[in-house]
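Commentary on secondary and tertiary structure
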Amino acid sequence: MAAHAAVPTGRHLSTYGLGLPLTLGFAYGFWAAAIVRDGGIIDWGEVVLGIVSGAVLAGAVYVLREWGHVLPREVHAAAWGVLTGCAVGFLFSLAGPSVLTATVLGLVVAAGTIIAAFYWLYTHEDVAAVERAVARRRR
C-alpha cells in the first residue's frame, strides 16, 4: 500500500504548545502592569513593563516546554523552580516590599516548585526509554 498523500513532513505548532506560554505571558504582563499602576492612570511605562515582562515569561515557558526534555530531570526541575521563583519574586517586588522579603518568597516558591517538578518528572518518565539508553551505554 502506498502512503497517504497528506502525510505530514515536519512538526506543526499546536495550540497547546504555543497557546499556553502566550496565555501565561499575557496574564503575567497584565498583572505586573496592574500592580505598578496601583489604581492610577495608565502610562507608557506600565504598558512597556507589562509587555516586556509577559514576553520574557512566555519565551522562558516556551523554551522550557519545548527543549526541557533534553535536560536531566534534576536540572529540568531546577529550571522550572528558578523560573517560577523569579517570576513570583519579581511580581511581589513590584508591590513595594523589601528586597529581602521578595527574595525569601521567591526562594520558597522556587523550592516548592523544584520538589513538585522533580516528583512529576520522576514519576512520569519513560522507563523503557531510560532502560534502552542505559543498555546502549553499557555496550
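Residues numbered from 1 in each chain as written. Predicted model: local features only at pLDDT ≥ 70, side-chain atom pairs only at ≥ 80, totals over all residues. Heavy atoms only, no water.

**Describing the overall build of the protein**
Defined as follows: Numbering of helices and strands runs from the N terminus, with a helix taken as a DSSP run of H or I at least four residues long and a strand as a DSSP run of E at least two residues long. Burial status follows relative accessibility: with a 1.4 Å probe on protein chains alone, a residue under 20% of its type maximum counts as buried, one over 50% as exposed, and anything between as partly exposed. Throughout, the Shrake-Rupley method with a 1.4 Å probe supplies accessible areas, and for residues the shown protein chains are the sole cover considered.
Of regular secondary structure, the protein possesses 5 helices and 0 strands. Starting at the N terminus and walking to the C terminus, you meet the elements of the protein as α-α-α-α-α. For the protein, the proportion of its 139 residues judged to be buried stands at 22%. For the protein, the exposed surface amounts to about 10100 Å²; the carbon and sulfur share of it is 71%.

**Structural notes on unusual backbone geometry**
Residues other than glycine seldom take positive phi values, yet D38 does so here, at roughly 55 degrees. Along the chain, D38 turns up in the loop between α1 (15–37) and α2 (44–67).

**Remarks on the packing of aromatic side chains**
For any pair of aromatic rings, the description consists of the separation of the ring centres together with the inter-plane angle of the planes. In plain terms, the rule: Planes of paired rings set the category: under 30 degrees apart is stacked, over 60 is edge-to-face and the rest tilted, where pairs are Phe, Tyr or Trp rings (Trp by its six-membered ring) whose centres lie within 6.5 Å.
Scanning all chains against the criterion turns up 3 aromatic pairs. Considering the side-chain rings of F26 and F30, the 6.4 Å spacing of their centres and the 20 degrees angle between planes classify their relative orientation as stacked. Taken together, the positions of F26 and F30, both in helix α1 and 4 residues apart, correspond to about one turn of that helix. Each of the two residues, F26 as well as F30, counts as exposed. Considering the side-chain rings of Y62 and W67, the 6.1 Å spacing of their centres and the 90 degrees angle between planes classify their relative orientation as edge-to-face. Given a relative accessible area of 22%, Y62 falls into the partly exposed group.

**Quick look at α2**
Heads up, the condition is: Here the expected length of a helix is defined as 1.5 Å per residue gap, with one fewer gap than residues.
Taking 1.5 Å as the rise per residue, α2 with 24 residues should run 34 Å; its terminal C-alpha atoms sit 34 Å apart, in good agreement. Among the residues of α2, E46, G50, S53, G54, L57, A58, V61, L64 and E66 are the ones counted as buried.

**Digging into a nonpolar patch on the surface**
Which entries qualify depends on this criterion: A residue counts toward a patch only above 30% relative accessible area and without a salt bridge, and it is joined to like-charged neighbours within 9 Å or, for Val, Leu, Ile, Met, Phe, Trp and Tyr, to nonpolar neighbours within 5 Å. For salt bridges, the criterion is a side-chain nitrogen of Lys or Arg within 4 Å of an Asp or Glu carboxyl oxygen.
A contiguous nonpolar patch, built from V48, V52 and V56 and spanning about 260 Å² of accessible area, is present on the exposed surface. Take V56: it is sitting in helix α2. A residue is classified by how much of its surface remains accessible, and V56, at 55% relative accessible area, is exposed.

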